[in-house]
Amino acid sequence: MQWRALVLGLVLLRLGLHAVLWLVFGLGPSMGFYQRFPLSFGFQRLRGLDGSEPVGPPGGPAWLHRPRRGAEGRLETPPEPEPGPGSGPDTCGPAHWGYALGGRGCGPDEYERRYSGAFPPQLRAQMRDLARGMFVFGYDNYMAHAFPQDELNPIYCRGRGPDRGDPSNLNINDVLGNYSLTLVDALDTLAIMGNSSEFQKAVKLVINTVSFDKDSTVQVFEATIRVLGSLLSAHRIITDSRQPFGDMTIEDYDNELLYMAHDLAVRLLPAFENTKTGIPYPRVNLKTGVPPDSNNETCTAGAGSLLVEFGILSRLLGDSTFEWVARRAVKALWNLRSNNTGLLGNVVNIQTGHWVGKQSGLGAGLDSFYEYLLKSYILFGEKEDLEMFNAAYQSIQSYLRRGREACNEGEGDPPLYVNVNMFSGQLMNTWIDSLQAFFPGLQVLIGDVEDAICLHAFYYAIWKRYGALPERYNWQLQAPDVLFYPLRPELVESTYLLYQATKNPFYLHVGMDILQSLEKHTKVKCGYATLHHVIDKSKEDRMESFFLSETCKYLYLLFDEDNPVHKSGTRYMFTTEGHIISVDKRLRELPWKEFFSEDGERDQEEKFVHRSKSQELRIINSSSNCNRVPDERRYSLPLKSIYMRQIDQMVGLI
């Protein structure tokens, strides 16, 4: 016991000296939110972007430096100093995620005490009902106070549509197209929750009241993932002969949702015209096409994340047009990647192919591009999609990932993915954004579960500190750079997928924590509101449609173990907007293979728009699912308990 007392005394002495230095000499980070809400991830302070010297061991932390490759091609990190006194397997220091919140409860006994008792079935049912109630409260208030407008303003209980008075308000106008967005986006969530009567009512409302013949200028990406994707998902739910979610059939249904999806996609096609690279314009007017003053710059994710929805539509209709233009855009972006690093930038000029934004990362501007390379392969079985994804993932691991090779083994800092210059791989800034929290879920799909566990712990540690995930977090200053939280789903999605992969009750506790935080900090009179400031919890009067289509859905599925998604025997995949799609062998059929040959591409390029508008719809029956999808086995979620020791070392998060 004497050595423990000695170590404790030394720690207290060191903390006291730091406090004196801060107060007297003003050393350390600035006296901002960081001092009020200290959050240490065990990262030493870095060499600043201005070249200032770091505070810490010579050379800075290992993860600041790009991993080098050894003789066998394995990633290596620079050698770390020898561990000092007090280091050991039971010490919660910088090498472990247990250090994240000040090193509390670092031993396995603490983990066992809090989590080994699993998650009682009664508590799980309670959390499932709470997630359902959250969705119902938001949905019912939207229908009562906002429909047929696009979104609900939950504080003042009224609807929101496009900002006609300010066309430059892209934050609103890119998303809201005056087509009852929240209702459309929520369709498959109603089905997954088993509410057949409301699903049928909502589908009929969409068929009877929603039109895309509107003078609305919308972002091609947002209209595709939120509206087109939801229409296709709901159509497949209705026409599924097995009806796993209950009776979701619609009396006298005549493929109306599929026809609506086709109508919307045709209105988006002008974005792909008159572009020298094949990369689409970012926005179109649903009535008139590309605006005369349209921007020639677009983000990689916006232009390269259309293939899943456009591909599904093409294969259901037997019309190659939509998949062809989306795939051409992906290939054009892929061919512009750096020859040195294999990385892509985040903003490109669609006419010149010049990279306007040279930042390469996992967040805004790039996130769903990587996601859809893999998911396109899972759905369609095109090997080139998998080859592109594997190459991209290798570049990400080589240039974006910093820290030790293993998540919870060895010396050095825990892994982190940073933002770098696409050409040199050099660090560009010291922040990450909340959209990056999707990446652990993607890693689960490829079987890289250990790394997913580690990265998820980083984002959850931030959530634990603030009760929300700030839009941008500076890991050098250990404080938020952008303080709002618009009810995003990415951390919930990764939590759900990690639970499906490991069946570890830790992730049920994470989900419960997120649910309770949302109830406590975001619930208002008529729904759930965006947090304007994650520290003081002030709010903005907006509930984005993805809160119902994704956040509530993933929380519900996390706690609903017996949901048909998990029990029906059908393989499902979620789009980047959380819309559920059954992995069907019919989606792997490609009746127009010649169009993707070199000659076919030239021929298709000349007539893709005219062909789409003139060809009569030919609908392929999509009501049956296959029991086994070729080449799919590697990407199935492993439903067994694994990596228990890695989770065990994350105990300090609570």
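Note that the structure is predicted; figures quoted are calculated from it, not measured. (Residues numbered from 1 in each chain as written. Predicted model: local features only at pLDDT ≥ 70, side-chain atom pairs only at ≥ 80, totals over all residues. Heavy atoms only, no water.)

### Focus on the pattern of salt bridges
A complete count under the given rule lists 26 salt bridges for this structure. Among the ionic pairs, aspartate 129 bridges to arginine 128, the shortest N-O distance being 3.2 Å. In this structure, arginine 542 and glutamate 151 form a salt bridge, with 2.8 Å as the shortest nitrogen-oxygen distance. Note that arginine 542 is positioned in the loop between β20 (539-540) and α20 (546-559) and glutamate 151 in strand β3 (residues 151-153), a separation of 391 residues in sequence. Overall, the relative accessible area of 0% leaves glutamate 151 in the buried class. Each of Arg315, Glu323, Arg327, Lys331, Glu382, Glu384 and Asp385 takes part in a single network of salt bridges with overlapping partners. (Salt bridge = Lys/Arg side-chain N within 4 Å of Asp/Glu carboxyl O. Helix = DSSP H or I, 4+ residues; strand = E, 2+ residues; numbered from the N terminus. Buried < 20%, exposed > 50% of the residue type's maximum accessible area, 1.4 Å probe, protein only.)

### Topic: the confidence of the model for the chain
When the pLDDT values of the chain are averaged, the result is 81; 72% of them are 70 or greater. In this model residues 20-108 is a low-confidence stretch, pLDDT under 50, and it forms 181 contacts with partners more than four residues away in sequence or in other chains. (pLDDT = per-residue confidence, 0-100. Contact = heavy atoms within 4.5 Å.)

### Here's the deal with the UniProt feature "binding site: Ca(2+)" (unreviewed entry) in the chain
In this numbering, the UniProt entry assigns the feature "binding site: Ca(2+)" (unreviewed entry) to Thr576. Structurally, threonine 576 is set in the loop between β21 (572-574) and β22 (580-582). Here threonine 576 falls in the buried class, since its relative accessible area comes to 16%. Excluding residues that lie within four positions of it along the chain, threonine 576 makes contacts with Ile225, Ser368, Glu371, Tyr372 and Glu550. Within the structure, threonine 576 has its side chain in polar contact with the side chain of glutamate 371 (distance 2.8 Å). (UniProt positions renumbered as here; feature names shortened; annotations may be inferred. Polar contact = N/O pair within 3.5 Å; in protein donor to acceptor, adjacent residues only side chain to side chain.)

### Quick word on the packing of helix α18 (residues 490-502) against helix α19 (residues 506-521)
Running from amino to carboxyl end, α18 crosses α19 at an angle of 160 degrees, the nearest separation of the two axes being 9 Å. The angle between α18 and α19 falls in the class roughly antiparallel. Crossing angle aside, the handedness with which α18 passes α19 is left-handed. Here Leu491, Val492, Thr495, Leu498, Tyr499 and Thr502 of α18 come into contact with α19, specifically with Tyr507, Leu508, Val510, Gly511 and Ile514. (Axes fitted to C-alpha atoms, helices over the stretch in contact; angles between N-to-C directions. Parallel < 35°, antiparallel > 145°, perpendicular 65-115°, else oblique. Left-handed = near helix turned anticlockwise from the far one by under 90°.)

### A look at the UniProt feature "active site" (unreviewed entry) in the chain
The sites that carry the UniProt feature "active site" (unreviewed entry) are, in the present numbering, Glu222, Asp367, Glu471 and Glu490. Annotated residues from the preceding list that form part of the lining of the second largest cavity: these are Glu490. When you line up the elements, glutamate 222 lands in helix α9 (residues 220-239). Beyond its immediate sequence surroundings of up to four residues, glutamate 222 is in contact with Asp174, Val175 and Val227. Turning to its location among the elements, glutamate 490 is positioned in helix α18. Of the residues examined, glutamate 490 reaches a relative accessible area of 12% and is grouped as buried. Those residues within four positions of glutamate 490 in sequence are excluded, and the remaining contacts are Ser434, Leu435, Ala437 and Phe438. (1 Å grid on protein atoms, 1.4 Å probe; cavity = no way out; pocket = protein on both sides within 12 Å on 5 of 7 lines; lining within 4 Å.)

### Some details on the state of the cysteines
The final tally for this structure, using the stated rule, is one disulfide. Here cysteine 157 pairs with cysteine 526 through a disulfide, and the sulfurs are 1.9 Å apart. Taking the torsion about the S-S bond as the criterion, the cysteine 157 to cysteine 526 disulfide, at about 85 degrees, is right-handed. Taken together, the residues span a long stretch of sequence, with cysteine 157 in the loop between β3 and β4 (158-160) and cysteine 526 in the loop between β17 (523-524) and β18 (527-528) at a distance of 369 residues. (Disulfide = S-S within 2.5 Å.)

### What about empty space enclosed by the protein?
In this approach the atoms are scanned with a rolling probe the size of a water molecule, which exposes any empty space left behind. If you walk through the whole model with that rule in mind, you get six cavities of 30 Å³ or more. If you go around the largest cavity, the residues you meet are Ser233, Arg236, Ile237, Asp240, Pro244, Phe245, Tyr572, Ile580, Ile581 and Ser582. Classifying every residue of the lining of the largest cavity gives six nonpolar, two polar and two charged. Together, Ser434, Trp463, Leu469, Tyr485, Arg488, Glu490, Leu491, Val492 and Ile514 line the second largest cavity. In terms of residue class, the lining of the second largest cavity is made up of six nonpolar, one polar and two charged. (Points joined across faces, edges and corners; volume = space filled by probe spheres on them. Nonpolar A, V, L, I, M, F, W, Y, C, P; charged D, E, K, R; others polar.)

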